[in-house]
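Structure at a glance
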Amino acid sequence: MRVSVVQMSPGHDKAANIAQAEKLCEAAVAEDRPDIIALPEIWTCLGGNRQAKFDQAEKLPSPGSNEPAGPAYSFLQGLARKHHIHVHGGSIGEHAGDRLCNTTVVFNPQGTEIARYRKIHLFDIVAPDGKAYRESATYAPGNELVTYEANGVKVGCAICYDVRFPELFLKLRQQGAELIFLPAAFTLQTGKDHWETLIRARAIETQCWFAAPACFGPHEEGGGTRFTYGHSLVANPWGHTVAKVSDGLGFATARIDQALTAKVRADMPVLEHRVLA
């Protein structure tokens with residue numbers, strides 16, 4: 001199975017972000033012909049104030065229903081149907097009462113939603129440059145692990161800050177995951193030191209493939225300019241980075257080799273050796 005990760009530079013104009021996503025996804029499909037394509041975290045509305053985030057968020061239709069859908073959801077669904085591929089929709093803002101959820105939706109090649117994951121760990125920190133991030137002021141946490149199957153591969157869902165909590169990924173591995181998606185909008189300050197290191201560590205620990213599409217570049221938020229790190233990548237179960245996007249917009253593609261996954265797990269059966277679950 002071929003996986004493409006798309007790197008975007010979104011702002012808080014959802015229509016412009018959808019146009020950017022469409023251009024990049026169409027190029028990735030044309031050039032690399034992936035079986036599954038993935039977008040970054042909150043690619044529909046990165047930055048802006050709290051009201052902008054609420055204005056650009058969507059009420060997601062109930063799975064399997066004919067309820068009306070917003071433009072981002074419809075774009076992802078249409079992309080899957082048009083190219084007959086799986087689409088892992090990064091994450092978008094989902095209306096959930098007085099706060100939003102940071103939510104992944106996944107579509108199969110028929111455009112049917114097959115998974116919905118709400119980010120569990122919220123980014124409430126002060127970065128090394130002194131900028132404060134309070135994701136919980138706008139978003140409510142999810143509370144469920146989510147996996148799905150695509151082309152015979154069991155896939156696990158995570159988002160950005162989740163990567164710092166290895167127990168989540170152990171549970172995904174225990175549920176049978178071979179590939180884990182990690183859409184992100186990692187800050188430049190933390191990303192330059194931790195992004196690839198954390199992903200490779202989680203890949204080694206779980207013996208899973210990791211596909212991590214990320215946001216890159218500046219956006220306006222909190223009265224100032226903030227920067228995301230980018231460097232979208234795919235890592236294999238041995239912890240090697242096998243595909244990566246550099247700075248700017250772009251995409252990278254890698255082949256998920258289940259035979260390699262099986263060999264790594266057979267040669268070093270760490271799941272069988274665990275004494276603390």
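Our subject in this report is the structure included herewith. All figures in this text were calculated on a predicted structure; none of them were measured in a lab.

For the rest of this paragraph, the subject is the sheet that holds strand β10 (residues 147-150). Pairing within the open sheet is mixed, and its six strands lie in the order β10-β11-β12-β13-β16-β17. Sheet topology places β10 and β17 (241-244) at the edges, where each strand pairs with a single neighbour. Within the sheet, the average angular offset between the axes of one strand and its neighbour, ignoring direction, is 20 degrees. Here β10 pairs with strand β11 (residues 153-157) via four bridges, running antiparallel. Looking across to β11, one finds that T147 is bridged to G156. On the sheet, helix α4 (residues 166-174) packs against β10, β11, β12 (179-181) and β13 (209-212) and is oriented at approximately 155 degrees with respect to β11.

Our focus in this paragraph is the pattern of salt bridges. Using the criterion set out here, one finds 13 salt bridges in the structure. A salt bridge links E26 to K82, with the nearest nitrogen and oxygen atoms 3.0 Å apart. Of this pair, E26 sits in helix α1 (residues 14-32) while K82 is found in helix α3 (residues 71-83), placing the two residues 56 residues apart along the sequence. E205 is paired through a salt bridge with R202; the nearest N and O atoms lie 2.7 Å apart.

Turning our eyes to something else, we now look at the packing of aromatic side chains. Taken as a whole and judged by the stated rule, the model has seven aromatic pairs. Seen in terms of ring centroids, W43 and F75 are 5.9 Å apart; in terms of plane orientation they differ by 65 degrees. Their pairing is edge-to-face. Remark: F75 occurs in helix α3 and W43 occurs in the loop between β2 (36-38) and α2 (50-56); sequence separation between them is 32 residues. On the basis of relative accessibility, which here comes to 12%, the residue F75 falls in the buried class. With a centroid separation of 5.2 Å and an interplanar angle of 70 degrees, the aromatic rings of F123 and Y161 are classed as edge-to-face.

Considering the arrangement of structural elements, one finds N102 in strand β5 (residues 99-107). Residue N102 is classed as buried on the basis of its relative accessible area of 1%. A polar side-chain atom of N102 sits 2.6 Å from a polar atom in the side chain of S91. Within the structure, N102 has its side chain in polar contact with the side chain of E135 (distance 3.1 Å). Residues within four places of N102 in sequence aside, it is in contact with E41, I42, S91, I92, Y117, R118, K119, E135, Y139 and I159.

Before going further, it helps to examine the side chain of N236. Looking at where N236 falls in the secondary structure, it is placed in the loop between β16 (233-235) and β17. Within the structure, the side chain of N236 is placed 2.9 Å from the backbone nitrogen of W238, a separation counted as a polar contact.

Looking now at the packing of α4 against helix α5 (residues 188-206). Contact geometry of α4 with α5 gives a least axis separation of 10 Å together with a crossing angle of 40 degrees. Between α4 and α5, the interaxial angle falls into the category oblique. The crossing of α4 and α5 is right-handed. Along the contact surface, α4 presents P166, F169, L170 and R173, while α5 presents R202, E205 and T206.

With six bridges connecting them, strand β14 (residues 216-221) and strand β15 (residues 224-229) associate as antiparallel partners. From the neighbouring strand, P218 faces β15, where its bridge partner is F227. Between β14 and β15, which pair antiparallel one after the other, the connecting turn spans two residues, and G222 there sits at a positive phi close to 65 degrees.

Parameters at a glance
Residues numbered from 1 in each chain as written. Predicted model: local features only at pLDDT ≥ 70, side-chain atom pairs only at ≥ 80, totals over all residues. Heavy atoms only, no water. Pairing = 2+ DSSP bridges. Helix = DSSP H or I, 4+ residues; strand = E, 2+ residues; numbered from the N terminus. Axes fitted to C-alpha atoms, helices over the stretch in contact; angles between N-to-C directions. Contact = heavy atoms within 4.5 Å. Salt bridge = Lys/Arg side-chain N within 4 Å of Asp/Glu carboxyl O. Phe/Tyr/Trp six-rings, centres within 6.5 Å; stacked < 30°, edge-to-face > 60°. Buried < 20%, exposed > 50% of the residue type's maximum accessible area, 1.4 Å probe, protein only. Polar contact = N/O pair within 3.5 Å; in protein donor to acceptor, adjacent residues only side chain to side chain. Parallel < 35°, antiparallel > 145°, perpendicular 65-115°, else oblique. Left-handed = near helix turned anticlockwise from the far one by under 90°.

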